[in-house]
Amino acid sequence: MTITIYGIKSCSTMKKAFTKLDELNVSYDFHDYKKQGIDKQSVQRWVDELGIDKVLNRRGTTWRKLTDEQKQVADANVESAIDLLIENTSMIKRPIVEGGLDDKKAQPILLCGFNEEAFKMTFS
């Protein structure tokens, strides 16, 4: 099964996730969406599965720097929120861990945010 972890390399939460995956001997590909960007299809899939409230990080500095008008538009319309996430990848909650999309026999994996117990349960 191919596992991809999405995020920003310098993020402290990402470092915890990398460490835990390494401890659990999980091989993964890293997608740095700060450098590589992210496609709308991926963000749409995450929002469809997890909900916009889980994927959109409203606690970070990038969200706080938005204008009130931008925040209102994002809160009122999921499509607008997705577009904002693509433009401002720092607003995507980190990490996003995804796997099993290429394997019809495997149960798909989609984790958002670092939760040590969820990582252990998923990958042990």
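Residues numbered from 1 in each chain as written. Predicted model: local features only at pLDDT ≥ 70, side-chain atom pairs only at ≥ 80, totals over all residues. Heavy atoms only, no water.

K.L.:
Got a sec to walk through unusual backbone geometry? Specific residues and values, please.
P.N.:
In this structure, the amide linkage connecting Arg94 to the following residue, Pro95, adopts the cis form with an omega of -15°. Within the secondary structure layout, Pro95 lies in the loop between helix H7 (78-87) and strand S3 (96-99). For Asn25, which is not a glycine, the phi torsion comes out positive at approximately 60°. Topologically, Asn25 is positioned in the loop between helix H1 (12-23) and strand S2 (29-32). Taking relative accessible area as the criterion, Asn25 reaches 72% and is therefore assigned exposed. (Helix = DSSP H or I, 4+ residues; strand = E, 2+ residues; numbered from the N terminus. Buried < 20%, exposed > 50% of the residue type's maximum accessible area, 1.4 Å probe, protein only.)

K.L.:
Lay out the environment of Lys20 with the relevant residues and their values.
P.N.:
By the secondary structure assignment, Lys20 is in helix H1. Since its relative accessible area comes to 8%, Lys20 is described here as buried. Placed 103 residues apart in sequence, Lys20 and Phe123 show a C-alpha to C-alpha distance of 9.8 Å.

K.L.:
How would you summarise H7 if you had to cite specific residues and measurements?
P.N.:
All of the buried residues along H7 are Ala81, Ile82, Leu84 and Leu85. End-on, the buried residues of H7 take up no more than an arc of 160°, which puts them together on one face. In this fold, the buried residues of H7 make contact with helix H3 (40-50), helix H4 (52-55) and helix H6 (68-76). Between a side-chain oxygen at the N-terminus of H7 and the backbone nitrogen of Glu79 the separation is 2.8 Å; the capping residue is Asn77. (Arc of directions from axis to C-beta. Contact = heavy atoms within 4.5 Å. Polar contact = N/O pair within 3.5 Å; in protein donor to acceptor, adjacent residues only side chain to side chain.)

K.L.:
Tell me what's going on with the pattern of salt bridges, and back it up with residues and numbers.
P.N.:
Scanning the model with the defined rule gives nine salt bridges in all. When the shortest N-O distance is used, the salt bridge between Glu79 and Lys40 registers 3.3 Å. Here Glu79 is found in helix H7, whereas its partner Lys40 is found in helix H3, with 39 residues between them in sequence. Linking Glu117 and Lys120 is a salt bridge whose minimum nitrogen-to-oxygen distance equals 3.6 Å. Note that Glu117 and Lys120 are positioned in helix H8 (residues 116-123) at a spacing of three residues, about one turn of the helix. Sharing partners across several salt bridges, the network here consists of Lys20, Glu23, Glu116, Glu117 and Lys120. (Salt bridge = Lys/Arg side-chain N within 4 Å of Asp/Glu carboxyl O.)

K.L.:
I'd like a rundown of the sheet that holds strand S1 (residues 3-7), residues and numbers included.
P.N.:
With mixed pairing, the four strands of this open sheet are ordered in space as S2-S1-S3-S4. Every interior strand has two partners, whereas the edge strands, S2 and strand S4 (109-112), have only one. Each neighbouring strand pair of the sheet contributes to a mean axis angle of 15°, computed without reference to strand direction. Both S3 and S4 contribute to a ladder of four bridges, which runs antiparallel. (Pairing = 2+ DSSP bridges. Axes fitted to C-alpha atoms, helices over the stretch in contact; angles between N-to-C directions.)

K.L.:
Just give me the short version of the environment of Ser90, but keep the residues and values in it.
P.N.:
Following the sequence through the fold, Ser90 ends up in the loop between H7 and S3. For the pair Ser90 and Phe114, spaced 24 residues apart in sequence, the C-alpha separation works out to 15 Å. Dropping the residues within four chain positions of it, Ser90 is found in contact with Ile8, Lys34 and Thr62.

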